[in-house]
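Listed below are the residues making up each chain.
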Amino acid sequence: MKLLIISAGPGMQEVREKYGHAIDWISSVISSPNIEIDVTHIYKNEDFDESYYDGWIITGSSSSVRDNQEWIDFLKNKIIHASISLIPVLGICFGHQIISEALGGKVIKNQKGWELGSYKIKVNNKGVSNPLFSDIDINDYFYFSHEDVISELPESAVELASNDMGVQSFSIKDQIFGVQFHPEFTSDITQEYVNIRYKRGIINHCNQVFKSKTSYKIILNFIRLLRESK
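Right, let's walk through the structure included here. Everything quoted here is computed from the prediction, not taken from an experiment.

### Section: the side chain of His21
Thought 1: One can find His21 in the loop between helix 1 (13-19) and helix 2 (22-30).
Thought 2: Only 2.8 Å separates the side chain of His21 from the backbone oxygen of Gly9, close enough to count as a polar contact.
Thought 3: At a separation of 2.9 Å, a polar atom in the side chain of His21 contacts the main-chain amide nitrogen of Ile23.
Thought 4: Setting aside anything within four residues of it in sequence, one finds His21 in contact with Ser7, Gly9, Pro10 and Gly11.

Printed below as a string of structure tokens:
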């Protein structure tokens, strides 16, 4: 099975130097010799053969979906192609947002501010029964680092989870999925983001990060869905 990780940014330098990049974290969760994992740096306008891969994972980014950048429009067109061609896609944070924008939704800067740290979400009945949330404790904590939020989902999307900050997960025909949280993060990585942004004055207090025990399974569930779709 062939998986493409679409990197939407280099990551925060301080975090990358200490813990690596989201590419590494996603790959370590999967850790299967039967999966060929390739990486493309879409933020560098790197192209790829869409038809070669069984599925894609789009990472987070320090960029905003609302930014006027050539690579963002390029990625939106790739997502439209994936939707038409029935290629399974999982979008994480920025990935979640750009899927929504590409397929008819809307993303805005959240007037409630940053969602940074570990928080609980409300997985609705459709989410509980969706295979993306299989074996995930819906009362668990989930890791966050974002300021933008989906204000309107595409017409074809089904909301799976939310909280007071907005939409936290959706699916489109059980083929394309978005999660606003970071299943590839650990508590240490999340705490590092919190500490750095607190020191920079981006947030007013240094939130305590609670450990998530099951959120990483989002990635494993997506991989299982890929295998079942073949």
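### Quick notes on the packing of helix 3 (residues 70-85) against helix 4 (residues 94-102)
Thought 1: It is at 9 Å that the axes of helix 3 and helix 4 come closest, and there the two elements cross at 70 degrees. The angle between helix 3 and helix 4 places the two elements in the roughly perpendicular class. Two secondary-structure elements touch here, helix 3 through Trp71, Ile72, Leu75, Lys76, Ile79 and Ile80 and helix 4 through Phe94, Ile98, Ile99, Glu101 and Ala102.
Thought 2: Of the residues belonging to the contact of helix 3 with helix 4, the class tally is nine nonpolar, no polar and two charged.

### Quick notes on the sheet that holds strand 7 (residues 122-123)
Thought 1: The strand order across the open sheet formed by eight strands is 2-1-3-4-12-11-10-7, and the pairing between neighbours is mixed. At either end of the open sheet lies a strand with only one pairing partner, and these are strand 2 (36-41) and strand 7.
Thought 2: In the packing of helix 3 onto the sheet, the strands contacted are strand 1 (2-7), strand 3 (55-58), strand 4 (89-92) and strand 12 (176-179), and the crossing angle to strand 3 comes to about 145 degrees.
Thought 3: Most of the contacts of helix 4 go to strand 4, to which it runs at about 120 degrees, and overall it touches strand 3, strand 4, strand 11 (166-172) and strand 12.

Reading the values: rules and limits
Residues numbered from 1 in each chain as written. Predicted model: local features only at pLDDT ≥ 70, side-chain atom pairs only at ≥ 80, totals over all residues. Heavy atoms only, no water. Helix = DSSP H or I, 4+ residues; strand = E, 2+ residues; numbered from the N terminus. Polar contact = N/O pair within 3.5 Å; in protein donor to acceptor, adjacent residues only side chain to side chain. Contact = heavy atoms within 4.5 Å. Axes fitted to C-alpha atoms, helices over the stretch in contact; angles between N-to-C directions. Parallel < 35°, antiparallel > 145°, perpendicular 65-115°, else oblique. Nonpolar A, V, L, I, M, F, W, Y, C, P; charged D, E, K, R; others polar. Pairing = 2+ DSSP bridges.

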